[in-house]
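Analysis of the macromolecular model
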Amino acid sequence: MITNKLSVLMAERKLKATRISSDTGIARSTLSGLTNESSKMIQFETINTLCNYLRITPNDFLLYSPFDIEFDIQPVDVSAFCLPKSDTDDSLDGPIVGINTFKVDIFVKISKNGHSYDTYELNAGLNGDYQPSNEDTSSVELFGLPTINLDISSVGKELISFWTEQSLHAFYSLVENRFQKVFKESAIQFLNESSRSTIFNNATFSIALPITPF
């Protein structure tokens, strides 16, 4: 994995993104993508400009680990529904949406120098019931669904030990963002297939890996 240390470098110098953008001409969106670890690539020109501005070398700006982490989400028990408004029930202003069960296995696949290293298994499930009120569902198409809260039920001690022993804390944002993206795409697919609708297309999820940035 490769990540950048821009957020740390900015904090050490008490620099704001607006100041860097103004001084260097680098777009705020580019800086935000770097500090949030959401950028898939960075141009050499941008690295050069930031290194000159911060008076550092690329070695100070970038951080490398021989480990790569990918995620595979597999459904175990997913049951969701989206029932249209009944023409005979005037008390409902919108569809009835809900999730009966949501259980998935999360496979954390580790590779080192491009070769398979280990796989850790986590289990995630719905935290409580999920059936928005009629009042909420009446505005689903306009405002989207309430956040779907999920818990990782397994402790994940092996993953935590690996994370700590390899000192990967600096890669937290990169790994967490990658996980959130894969999980959201997979969960939406599972829920839409189960409910036979597209009501979950813009769903948001609250879930976090058992790893820390420190």
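Residues numbered from 1 in each chain as written. Predicted model: local features only at pLDDT ≥ 70, side-chain atom pairs only at ≥ 80, totals over all residues. Heavy atoms only, no water.

Per the secondary structure count, the chain includes nine helices and seven strands. Looking at the chain residue by residue over its 214 residues, the buried ones come to 38%. Long-range pairs, those at least 24 residues apart, make up 70% of the contacts in the chain between residues at least 6 apart in sequence. In the form shown here, the chain has an accessible surface area of approximately 12600 Å², with 47% of it arising from carbon and sulfur atoms. (Helix = DSSP H or I, 4+ residues; strand = E, 2+ residues; numbered from the N terminus. Buried < 20%, exposed > 50% of the residue type's maximum accessible area, 1.4 Å probe, protein only. Contact = heavy atoms within 4.5 Å. Areas by Shrake-Rupley, 256 points an atom, 1.4 Å probe, with all protein chains shown as cover.)

This paragraph deals with the nonpolar core. Ranked by size, the top nonpolar core spans 42 residues in total, and within it I69, I106, F183 and F200 carry the most contacts. For this core, the element with the highest residue contribution is helix α9 (residues 172-195), accounting for eight residues. Non-local contacts of F200, meaning those with residues more than four positions away in its chain, are made with A80, V97, G98, I99, Y130, L145, I148, I188, L191, N192 and S195. With 13 residues, the next largest nonpolar core counts I20, C51, I56 and F61 among its residues. (Core = buried A, V, L, I, M, F, W, Y, C linked by side-chain atoms within 4.5 Å.)

Time to look at empty space enclosed by the protein. The gaps left among the atoms become clear once a water-sized probe is rolled over them. Under the definition given, this model contains one cavity of 30 Å³ or more. Size it by volume and the largest cavity reaches roughly 30 Å³. Lining the largest cavity we find I69, F71, V108, L159, W163, V175, L209 and I211. Elements with a contribution of two residues or more to the lining of the largest cavity: β3 (67-83) and α8 (157-165). For the lining of the largest cavity, the per-class residue count stands at eight nonpolar, no polar and no charged. (1 Å grid on protein atoms, 1.4 Å probe; cavity = no way out; pocket = protein on both sides within 12 Å on 5 of 7 lines; lining within 4 Å. Points joined across faces, edges and corners; volume = space filled by probe spheres on them. Nonpolar A, V, L, I, M, F, W, Y, C, P; charged D, E, K, R; others polar.)

Further remarks concern the packing of aromatic side chains. All chains considered together, the criterion is met by eight aromatic pairs. Ring geometry for Y120 against F162: centres 5.8 Å apart, planes inclined by 45°, an arrangement best described as tilted. One end of the pair, Y120, is in strand β5 (residues 115-126); the other, F162, is in helix α8, with 42 residues separating them in the sequence. Classification of Y120 by relative accessible area gives buried; the value is 7%. Taken together, the aromatic side chains of F71, F102, F179, F183 and F205 make up a single cluster linked through ring pairs. (Phe/Tyr/Trp six-rings, centres within 6.5 Å; stacked < 30°, edge-to-face > 60°.)

Below, the discussion takes up the layout of surface pockets. For the largest pocket, the calculated volume is near 470 Å³. E37, S38, S39, K40 and L174 are, among the 16 residues lining the largest pocket, the residues nearest its centre. Per element, the largest residue contribution to the lining of the largest pocket is four residues, and it comes from α9. Residue classes in the lining of the largest pocket are distributed as six nonpolar, six polar and four charged.

Taking every second residue as pointing to the same face, the buried face of strand β6 (residues 148-152) carries I148, L150 and I152, while none of N149 and D151 on the other face is buried. Note that β5 and β6 share three bridges and pair antiparallel. Within β6, the position partnered with A124 by the bridge is I152. (Pairing = 2+ DSSP bridges.)

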